[in-house]
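Spelled out from the first residue to the last, the chains are:
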Amino acid sequence: MNREEFPILGQQIYHRPLVYLDNAATTHKPQVVIDALCNYYETINSNIHRGVHYLSQLATSEFELTRKCVQQFIHATHDYEIIFTRGATEAINLVAASFGRTYIHEGDEIIVSEMEHHSNIVPWQFLCEDRGAVLRVIPMNDEGVLDLTAYERLFTPKTKIVAVAHISNALGTINEVGKLIKVAHEHQVPVMLDGAQAVAHEPVDVQALDCDFYCFSGHKMYAPMGVGVMYGKERWLNEMKPYQGGGEMISSVTFEKTTYNELPFKFEAGTPSVGDVIGLRKAIEYMQGIGIERIRAHEEALLGYTTEALSNIEGIRFIGTAPRKAAVISFLIGDTHPYDVGVLLDHQGVAVRTGHHCAQPVMNHFRIPGTIRASFALYNTQEEADILIQAIKKAQSMLQ
Ligand code: PMP
């Protein structure tokens, strides 16, 4: 699907066509996104919001158009609920820091899950350290599915927020976020979803989900690196204290007292990555041009086909076998080390990721050092899945 629109995929690696299956780490960019970046620096580049001159106003309107585009893409109620960040990590840090400064006190409890990316663990640990709060963890079973009964039991009157992945990057599990949110709301507890692995693969509707915060990165959804989004319900954003201080986020500054700007600017201190933000809009328009449902169906077909073929390989062990999975396949081959398999695949032109995928608690659960992870995007093909399968067989025979 549309592979030729991604120039980087035309390359040969070690004299073989590149088979790029590391999309959970980052996706490649279609020509329209690359062109938008070049066009920004060739014809627009200016600082936004403060300028009276033509280019500054043009940059501002392009930037703000993207906010509206993201609003519509994730079905937020208002455009000022969309806060631009550098990526999912910064967005989660923003929620943890701002929500934490405003609502978390000593003895309060924060719920995360066992399958979180480190980006959705460490910011909450910082907060716990600063505030004397406590982290509670939703356990998962050996399929990589969260235990909802155990989850319900974690709630106490001290629970202040739940932060959980929409889709796991290490396992591919699509979490039952609707149920997780419903339970939390029954306890009047807000929920932050880490959508880093979801936005490029699933339609996301923050109003239908009724999540309180939703965080994601542009670079995993065909947009440039350096831009991400923190969506928050107006109610929370109005009450929350800002995360970073600096230009743009203030209304007035004296040495005695500073007052803050209105939403969304209150949370956007300093000069943002304007070109990357514009690139994000082009990436969203690009995906919408194809259709998110079509992308999902295509990736689901690749997941089914590849999983089935791989399951015939002797000694393969899948890590993450949830009934509802995104197109992420984590696995091990016999007792070979994931790194060795990764290197042998690389030399056959197949790019996969090996290691703990920034989810060490997941690896601890399965008592393994890491996995080999193949993850698909809209441009991957069945032929590439076949090359992966053959390359794994070859690697296996070399390592035995
Ligand atoms: N959460 C999840 C589930 C992820 O997969 C990632 C990226 N691997 C992140 C958060 C962090 O994203 P970024 O590095 O783009 O900030």
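Conventions used here
Residues numbered from 1 in each chain as written. Predicted model: local features only at pLDDT ≥ 70, side-chain atom pairs only at ≥ 80, totals over all residues. Heavy atoms only, no water. Helix = DSSP H or I, 4+ residues; strand = E, 2+ residues; numbered from the N terminus. Expected span 1.5 Å × (residues − 1). Buried < 20%, exposed > 50% of the residue type's maximum accessible area, 1.4 Å probe, protein only. Arc of directions from axis to C-beta. Contact = heavy atoms within 4.5 Å. Pairing = 2+ DSSP bridges. 1 Å grid on protein atoms, 1.4 Å probe; cavity = no way out; pocket = protein on both sides within 12 Å on 5 of 7 lines; lining within 4 Å. Points joined across faces, edges and corners; volume = space filled by probe spheres on them. Nonpolar A, V, L, I, M, F, W, Y, C, P; charged D, E, K, R; others polar. Near = heavy atom within 4 Å. Polar contact = N/O pair within 3.5 Å; in protein donor to acceptor, adjacent residues only side chain to side chain. Sits in = over half its atoms within 2 Å of the grid points. Salt bridge = Lys/Arg side-chain N within 4 Å of Asp/Glu carboxyl O. Axes fitted to C-alpha atoms, helices over the stretch in contact; angles between N-to-C directions. Parallel < 35°, antiparallel > 145°, perpendicular 65-115°, else oblique. Left-handed = near helix turned anticlockwise from the far one by under 90°.

Colleague: I keep staring at helix α10 (residues 292-310) and nothing clicks. Help me out?
Modeller: Because each turn of an α-helix spans 3.6 residues, side chains separated by three or four positions end up pointing in the same direction. Over its 19 residues, α10 runs 26 Å from end to end, which matches the ideal 27 Å to within 8%, given 1.5 Å per residue. For α10, the complete set of buried residues consists of I292, I295, H298, E299, L302, L303, T306 and L310. The buried residues of α10 all sit within an arc of 140 degrees when viewed along its axis, so they share a single face. Buried residues belonging to α10 abut α2 (54-74), α9 (274-290), β13 (316-318), β14 (328-333) and α13 (382-399).

Colleague: What is the right way to read the pairing of strand β9 (residues 213-217) from this model?
Modeller: Across a regular strand the side chains alternate sides, sitting on one face of the sheet and then on the other. Here β9 lies mainly inside the structure; five of its five residues are buried. Neither face of β9 is open: one carries F213, C215 and S217, the other Y214 and F216, and all of them are buried. Strand direction decides the pairing type here: strand β8 (residues 191-194) and β9, joined by three bridges, are parallel. Across the sheet, the residue bridging to M192 is F213, located in β9. Note: β9 against strand β10 (residues 228-232), five bridges, orientation antiparallel. Its bridge partner lying in β10, F216 is registered against V229.

Colleague: Mind showing me how you'd approach the layout of surface pockets here?
Modeller: By rolling a water-sized probe across the atoms, one finds the places where empty space is left. By volume, the largest pocket is sized at about 400 Å³. Counting residues per element, the lining of the largest pocket draws most heavily on helix α3 (residues 88-103), at three residues. For the lining of the largest pocket, the per-class residue count stands at ten nonpolar, twelve polar and five charged. Its volume calculated, the second largest pocket comes out at about 210 Å³. Every residue lining the second largest pocket is counted, 17 residues in all, and those nearest its centre are F84, T85, R86, E90 and A269. Breaking the lining of the second largest pocket down by element, the ones donating at least two residues are β4 (82-85) and α3. Looking at the lining of the second largest pocket element by element, the count peaks at three residues for β4. Within the lining of the second largest pocket, the residues separate by chemical class into eight nonpolar, six polar and three charged.

Colleague: Quick question: what am I supposed to make of the site of the ligand here?
Modeller: Neighbouring the ligand are the residues A88, T89, H117, S119, N169, D194, A196, Q197, S217, H219 and K220. Measuring from a nitrogen atom of the ligand, one finds a side-chain N or O atom of H117 at 3.2 Å. Between an oxygen atom of the ligand and a side-chain N or O atom of H219, the distance comes to 2.6 Å. According to the grid-proximity analysis, the pocket containing the ligand is the largest pocket. Here the shell around the ligand is built from residues that sort into two nonpolar, seven polar and two charged.

Colleague: It is not clear to me how the pairing of strand β11 (residues 250-253) should be interpreted in this structure. Could you clarify?
Modeller: Relative to strand β12 (residues 258-260), β11 is paired through three bridges, and the arrangement is antiparallel. Bridging from a neighbouring strand, S252 pairs with T259 of β12. Between β11 and β12, which pair antiparallel and follow one another directly, the connecting turn spans four residues.

Colleague: I would appreciate a short explanation of the pattern of salt bridges in the present structure.
Modeller: Pairing is possible between side chains that carry opposite charge, provided their charged atoms lie close to one another. Applying the stated rule across the entire model yields 18 salt bridges. Residue D22 is joined to R373 by a salt bridge in which the shortest nitrogen-to-oxygen separation is 3.6 Å. Placement of the pair is D22 in the loop between β3 (19-20) and α1 (31-44) and R373 in strand β17 (residues 371-375), with a sequence separation of 351 residues. With respect to burial, D22 and R373 carry one shared label: buried. Taking the shortest distance from any N to any O, the salt bridge between R50 and E248 comes out at 3.5 Å. Separated by 198 residues along the polypeptide, R50 in the loop between α1 and α2 and E248 in the loop between α8 (234-239) and β11 bring together distant segments of the chain. Residue E248 is classed as buried on the basis of its relative accessible area of 16%.

Colleague: I tried to follow the packing of α2 against α9 on my own but got confused; where do I start?
Modeller: In a pair of packed helices, the angle between the axes and the distance between the axes together describe the arrangement. For the pair α2 and α9, interaxial distance at closest approach is 9 Å and the crossing angle is 40 degrees. What the angle tells us is that α2 and α9 run oblique. Both α2 and α9 take part in a crossing whose hand is left-handed. On α9, the residues touching A59, E62, F63, L65, T66, C69, V70, Q72 and F73 of α2 are V274, V277, I278, L280, R281, I284, M287 and Q288. When its residues are assigned to classes, the contact of α2 with α9 shows twelve nonpolar, three polar and two charged.

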